[in-house]
Amino acid sequence: MELSLFLFIVCSVPVSHQYLLPDHVAPSHYQLRLMYDVDPNTNYSFYGVADIQISTKKATSKIILHAQNYMISEDKVSVVGQKDVPKVTGVKLNDTYNFLEITLDKDLEENKNYTLIIPFYGNLMRELDGVYISAYKDKKNGKTEYLIATQFQPISARKGFPCFDEPMFKSTFSLVLGHSKEYTAVSNMPLATSSLDNALEDYWPWDVVGKKFRKELSSFVWDEFDKSVPMSSYLVAFVVSKYSYKSAPNTSNTKFRIWARSDAIEQTSYASEVGPAVLSHFERWFNVSFPLPKQDMVAIPDFVAEGMENWGLVTYEDAALLYHDRESSLSDKERIASLIAHELAHQWFGNLVTMKSWSDLWLNEGFATFVASLGVNAIEPSWHADINNAVENTLTVFNLDVLESSHPVSVPLEDPTAITEIFDDISYSKGATLIRMMEMFLGEEAFREALHNYLIKYSYSNAEQDDLWSELNAVVMNKGALNNNMTVKQVMDTWTKQTGFPLVTVNRNYSDKSVNISQKRYVWRQEILSSQSWWIPLSIKCESGTEDPKLVWLSNEEGVLDDKHLEHGCDQNEWMLFNYNMMAPFRVNYDENNWKLLINTLTSDKYSVIPVEGRVQMLSDAFELAWNNQLDYGMTLQLASYLQREQEYLPLYTGLSGLSKISNVLKRSAEYGLFQEYVRMLITRIYQSGGLAVKNIVNGDDLNSVKIQVLSSSWACSMNVPGCEDNALEMFQQWMKTQNPDENNPIPVDLRSIVTCVGIHRGSEFHWSWSLERRNRSDVAATREHLLDSLACSRDVWILAKFLEWTLTENDELHRQESSRVISEVISSEVGYYVARDFIYNRIKDIHTAFYDQSEGITDIMKTLLGQFTTQKELDEFLSWQKRNDELLSESKMAVAQGIETARTNIQWVETMKPIFMDRLKEFIRTSSSTSF
Ligand SMILES: [Zn+2]
C-alpha cells in the first residue's frame, strides 16, 4: 500500500519478484511485547520488542524482513540461540520495499534455530492501517474517546512490528500488550494473565518510558495472551479500547463476544445471534472444527474496509456489525448477516488454509464470498441469499470483466503496490461465481468432500489454485462427476488464468432440431480480436422441458474456428434458453427467431415458466448486446416491457440496471424526458403496489417484497412518476414537525434514504442543516450512513462545495473512510457532478493527504468520476490532468485505466448508438400507447 517502484538487491529470485523476501531464513514463532499510550497529549507513543525465532534454510550473513513507520534501536538488535552466534554489524531500513536488512559478521549456519531480537519505538497515528488510532464521541458524556485498532491485511503488519510480512511465512505468535488500566485489550487468542510489572523492562525500563508517557507505572497493566496457532502475519490483530462487550449464548464450544462502544452495546444483539449460528453451520458444512477457543467481533469507528477476518478477532466498520431494532432497515440487516458470514468463512478459507501469494487472493475472497451466502441461507432461509448473491456476483462480473483493462482471477503481481488494487470485484465476485459454477457441475456432494480434503491437507499451511484443482480432481475421478476426457484444472484454468468471459452465439436450424454454437471473448470494442476460448458448461432448456436438461460442454477447442453442431430436442415453434440457471458467467446471443420466441413468452402472462435466473440472464444480455449494436434495441425495449408484470426483485433489478446505464449517459441531454416516459410505463404499476405510493412498506418481513418497493419507489421519484416526490416531501415534513425527531422518526425505515434525499433535494439550506443535525445526534451507524448519502442530494452548489471541503479536514462531522463516499455521492448527482469534478481536479493533493494515502478512496472516486463522462472533451480534460498528477494516482493505475475505458464506451454510445436508441424508443412508445401497454 505505501510502497513504490524500484530496488536493486543482489539475490537469486527472478527480477519480477524482487519485492519478495529471500527464503534463506523463515520465522517459526514471534514473542511480541508492545506497550502503548493511548493519549493524544503524548502523541500516542509506543515501545516494542520483537523476539523472532527463525530457522535457517540456507547459510546467510544477512537477514531480511519487513519494518515500516517506526524507529529501530539499532544498537540493541541482536541474534541469540546458538553457541558462538554471529554479531550484528549493520541494520538498514530500505523504504522502497520496507526491507529491514540485518547484516552479520559471519554466516548463520544452515538448518539451525536462532532468535532475532529487535527493539523498536515510535508514535501511532490517525490512520486506517497498521496499528492506528481511531476516535469516537461518547454520546452520553460528549467526550472524545480514543482506541487502538489494527488492520494488517495485506501488507501492513510490518507497520505494527518487524516481521516476515508475506502470507507464506506462517508462525505462532505470543503477545504481551501494555496499556493504561482504563483500557481493555483483546487479541486473536484469549487473555492468559495480567501483570503490573513492565514486561519490556529489559529493553525499555520504566525510567525511560514513564518520562515519555508522563504516567505512573501503577496506572499501567501488561496483558499476556495465549500462544496462537500458526498463521500469516496479516491475521494478527488487537484492539485496546474502553469498549464493552456482550457475550453470545453458548451454542458451540467457541466463546463468542461482540464488542462496541458502550452507547452502542444494545445494537450488538443481532450479531451475537448470527455469529455463533453461522460459525457452527460452517463447522458442519466443512466438517472441520473451528480451532480457537474463542471468537471476538469488534466494531471500529474508523475502518478502511467493511470487515477484516483476523483469526479469533474479526473487526468491522460500525454499520457492518451494529443493528438497531428500530433504526436499521431490512437491507442493513441483510448486509450485516452477509458480512459476518463472509468474515467467518475466512476462518477456514484464508486463515486455516492461506493462499501462497497474493496472486491467488481469489482463493480467499472468492471462497469467502461464495460460502457466505450458504451461511446466510442457513440462518435466514427466506432471504434466498444463495441465488441473490449468485445473480449479483455474475452481474458484477459482466460489468467489470467486459473491459480490456480487467485482470485474470489468478493474477501475477510484479509490484506490491498492485496488491491493494486486486481486492476488487474480480477476486470477490468472479471468484465466487466460478466456485459456484464448479459446485454446480461437480455436484454438491463431490464438491464438499474435496473441500474438506483440501482444508485438512493444507491446514495451518498455504496452497495455490493447482492444489485445489487436484483435490477436486481426486474426488471427481472417484465419483465420475466429469467426463473422462476432461480435468478440473483444464476447465478451470480457462476461467481463472484468462481475463474476460465468452459470448456464446446460438443459431438454430429449425428444420432438423440442431444448433450451431460458437464462442469468442466478449469485449465492448468488437474490432478487438481475441484468441481466447473457454471450457463452457452449457445448461439448455426448451420451452416444453419439464425435467432438468443434461449439461453439455463446449470445450475450449469447440466453437472457435468452426461452429459446434449440436442436436437437441426442442420443437421448432418453441424457444431454447441457454444458461437458464446462470451456471457460468457468459453472454448469449441467438438468431432473431429464437429471441422472438423468448420475447413472446416473456411478454405473456406465462412469463414465469422461464426461471428467475433465466429472466435475469436474458434481460442482462439483451441490454448489453443492444448497447454494443449486436441486437436491435427494438427487441430489447420490447423484451424489457414485460417488467411491468414482474414480481421478483432480481429480474426487476437487472432490467433497471440495464436502463440505469442508459439513464447515466442520457441524463443531461434533451431526450431524457422521453426515456423517463418509457421507464414510467414499466414501473408505475409495481410502484403503486407499495412503498412511497402508499407511504408505507407492505409485507415488511419479506425481503424480496421490501427490496422491490424500495427500488421501484426510488426509480419512480427520479423518473417523475406523479405523486412520488410529493409523497416523499409530505413524509419528510411530517418528520420535521415531530416532537423529538431523533427518537420518533415516523418514516418507515426502509424508505428513509429516498425520503430524506427528496426532502433535501427539494428543500433549502434549512432542510440540509436540519438533516445534518439529525446525523450528528444519532449513534446508529446505519442512520448516520443514509443521512450522509442524502446530504449529497442538495441542489445548492455552495452547500455541496462546503460538504466536499469537510472531506479534507479533521473534523467531527466525518470519519476518514466516509470522505470518499461523500465525494462519490456528490459526483453521481446531477448538480454535484460539476462541483465535484472541479474539486477533484483542483484538490487532488489535499484529497490524497486526507485519505491518509490510502489508495482505496482515490480508486473509488476515480471510477465514479470517469463513469459520468459522455463527451470526448471531458475525457481529454481528464487525460491532461492525469498526466500532471500521475504520481498521486500511481496506486490506482488499474482503476483509472478501467474508468477511462468505461468513459470511452459511454462516449462511443452517445456518438453512434444514441440516435438508434432514440428512434427505437419513439417507435416503441408510439406503437405501445395504442395497445395494452
Ligand atoms: Zn474477505
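Computed from a prediction, not measured in an experiment: that's the story for all the values here.

Procedures and definitions
Residues numbered from 1 in each chain as written. Predicted model: local features only at pLDDT ≥ 70, side-chain atom pairs only at ≥ 80, totals over all residues. Helix = DSSP H or I, 4+ residues; strand = E, 2+ residues; numbered from the N terminus. Rg over C-alpha atoms; globule rule 2.2 N^0.38 Å. Buried ≥ 20, exposed ≤ 12 C-beta atoms within 10 Å, placed from the backbone. Contact = placed C-beta atoms within 7 Å. Core = buried A, V, L, I, M, F, W, Y, C linked by C-beta atoms within 7 Å. Expected span 1.5 Å × (residues − 1). Pairing = 2+ DSSP bridges. UniProt positions renumbered as here; feature names shortened; annotations may be inferred. pLDDT = per-residue confidence, 0-100. Axes fitted to C-alpha atoms, helices over the stretch in contact; angles between N-to-C directions. Right-handed = clockwise from strand over helix to strand, strands pointing away. Parallel < 35°, antiparallel > 145°, perpendicular 65-115°, else oblique. Left-handed = near helix turned anticlockwise from the far one by under 90°. Nonpolar A, V, L, I, M, F, W, Y, C, P; charged D, E, K, R; others polar.

1. A look at the overall build of the protein chain
Next up, step 1: A tally of helices and strands in the protein chain yields 27 helices and 30 strands.
Next up, step 2: On C-alpha atoms alone, the protein chain measures out to a radius of gyration of 29 Å, which is about the 30 Å that the 2.2 N^0.38 rule sets for 933 residues.
Next up, step 3: C-alpha atoms of the protein chain, sized along the principal axes, occupy 90 × 70 × 60 Å.
Next up, step 4: Within the span of the protein chain, comprising 933 residues, buried residues form 50% of the whole.
Next up, step 5: Taking the contacts inside the protein chain whose residues are at least 6 apart along the sequence as the reference set, 73% of them involve residues at least 24 apart.

2. Re the nonpolar core
Next up, step 1: Of all hydrophobic cores here, the largest spans 285 residues; its most connected members are Val-240, Ala-345 and Val-826.
Next up, step 2: Look past the residues within four positions of Ala-345 in its chain and what remains in contact with it is Phe-282, Phe-367, Ala-368, Val-371, Ala-372 and Gly-375.

3. A few points about helix α4 (residues 330-345)
Next up, step 1: Its 16 residues place the ends of α4 22 Å apart at the C-alpha level, agreeing with the 22 Å of an ideal helix rising 1.5 Å per residue.
Next up, step 2: Listed as buried for α4 are Asp-332, Ile-336, Ala-337, Ser-338, Leu-339, Ile-340, Ala-341, His-342, Glu-343, Leu-344 and Ala-345.

4. Remarks on unusual backbone geometry
Next up, step 1: Across the junction of Gln-153 and Pro-154, the peptide omega takes the value 0°, indicating a cis bond.
Next up, step 2: Mapped onto the elements of the fold, Pro-154 is located in the loop between β10 (144-151) and β11 (172-180).
Next up, step 3: Unlike most non-glycine residues, Tyr-44 shows phi in positive territory, near 45°.
Next up, step 4: Assignment of secondary structure puts Tyr-44 in the loop between β1 (25-36) and β2 (45-56).
Next up, step 5: Residue classification places Tyr-44 among the buried positions, given that 20 C-beta atoms sit within 10 Å.

5. Describing the pairing of β2
Next up, step 1: As paired strands, β1 and β2 are joined by 11 bridges and run antiparallel to one another. Bridge assignment links Pro-27 to a residue of β2, and that residue is Ile-54.
Next up, step 2: Both β2 and strand β8 (residues 113-123) contribute to a ladder of 11 bridges, which runs antiparallel. In the sheet register, Ser-55 faces β8, and the bridge partner there is Asn-113.

6. A short note on the UniProt feature "binding site: Zn(2+)" (unreviewed entry) in the protein chain
Next up, step 1: The feature "binding site: Zn(2+)" (unreviewed entry), as annotated in UniProt, sits at His-342, His-346 and Glu-365 in this numbering. Despite a sequence span of 24 residues, these residues sit close together in the fold, their greatest C-alpha distance being 8.7 Å.
Next up, step 2: Structurally, His-342 can be placed in helix α4.
Next up, step 3: Here His-342 falls in the buried class, since 26 other C-beta atoms lie within 10 Å of it.
Next up, step 4: Discounting chain neighbours no more than four positions away, the residues touching His-342 are Gly-307, Ala-368, Thr-369 and Ala-372.
Next up, step 5: By the secondary structure assignment, Glu-365 is in helix α5 (residues 361-379).
Next up, step 6: Overall, the presence of 26 C-beta atoms within 10 Å leaves Glu-365 in the buried class.
Next up, step 7: Not counting chain neighbours up to four residues away, the residues in contact with Glu-365 comprise Ser-427, Tyr-428 and Gly-431.

7. Focus: the confidence of the model for the protein chain
Next up, step 1: Per-residue confidence for the protein chain gives a mean pLDDT of 93, with 97% of residues at or over 70.
Next up, step 2: For the stretch residues 1-15, pLDDT sits under 50, and the model shows 25 contacts to residues farther than four places along the chain or on other chains.

8. Side note on the sheet that holds strand β20 (residues 313-317)
Next up, step 1: Pairing is mixed across the open sheet formed by 5 strands, whose spatial order is β16-β17-β18-β20-β19. One side of each edge strand has no neighbouring strand; the edge strands of this open sheet are β16 (244-247) and β19 (307-308).
Next up, step 2: Here strand β18 (residues 294-300) pairs with β20 via 5 bridges, running parallel. In the sheet register, Asp-296 faces β20, and the bridge partner there is Leu-313.
Next up, step 3: Across the sheet, helix α2 (residues 269-286) lies against β16, β17 (255-260) and β18, angled at about 145° from β17, the strand it touches most.

9. Regarding the sheet that holds strand β30 (residues 587-590)
Next up, step 1: Sheet architecture is open: 4 strands sit in the order β28-β24-β23-β30, paired in mixed fashion. Every other strand in the sheet has two partners, leaving β28 (564-567) and β30 as the edge strands with one partner each. Recorded for the sheet is a direction-independent mean angle of 30° between the axes of neighbouring strands.
Next up, step 2: By the bridge criterion, 4 bridges tie strand β23 (residues 502-509) to β30 in an arrangement that is parallel. Counterpart to Val-506 in the pairing with β30 is Tyr-590.

10. Description of the pairing of β17
Next up, step 1: Two strands pair when backbone bridges link them, and β16 and β17 are joined in this way by 4 bridges, in the antiparallel orientation. Bridging across to β17, Tyr-245 finds its partner in Trp-259.
Next up, step 2: Bridge analysis of β17 against β18 gives 5 bridges, and the strand direction is parallel. Bridging across to β18, Phe-256 finds its partner in Gln-295.
Next up, step 3: Where the polypeptide runs from β17 across α2 and back to β18, its parallel neighbour, the crossover connection is left-handed.

11. Here's the deal with the packing of α2 against α4
Next up, step 1: Following both chains from N to C, one finds α2 and α4 inclined at 40°, their axes separated by 9 Å at the closest point. On the basis of the axis angle, α2 is oblique to α4. Where α2 crosses over α4, the handedness of that crossing is right-handed. Between α2 and α4, the contacting residues are Tyr-270, Ala-271, Val-274, Gly-275, Val-278, Leu-279 and Phe-282 on the first element and Lys-333, Ile-336, Ala-337, Ile-340, Ala-341, Leu-344 and Ala-345 on the second.
Next up, step 2: Residue composition of the contact of α2 with α4, by class: 12 nonpolar, 1 polar and 1 charged.

12. Quick look at the packing of helix α19 (residues 752-762) against helix α20 (residues 765-777)
Next up, step 1: One way to put it is that α19 packs onto α20 with a least axis distance of 7 Å and a crossing angle of 145°. Contact residues: Thr-756, Gly-759 and Ile-760 in α19; His-767, Trp-768 and Ser-771 in α20.
Next up, step 2: Its residues placed into classes, the contact of α19 with α20 shows 2 nonpolar, 4 polar and no charged.

13. Notes on the environment of Leu-674
Next up, step 1: Its location among the elements puts Leu-674 in helix α16 (residues 672-687).
Next up, step 2: Overall, the presence of 13 C-beta atoms within 10 Å leaves Leu-674 in the partly exposed class.
Next up, step 3: Distance from Leu-674 to Phe-917, taken between C-alpha atoms, is 11 Å for residues 243 residues apart in sequence.
Next up, step 4: In this structure Leu-674 touches Leu-921 and Lys-922, once residues within four positions along its chain are discounted.

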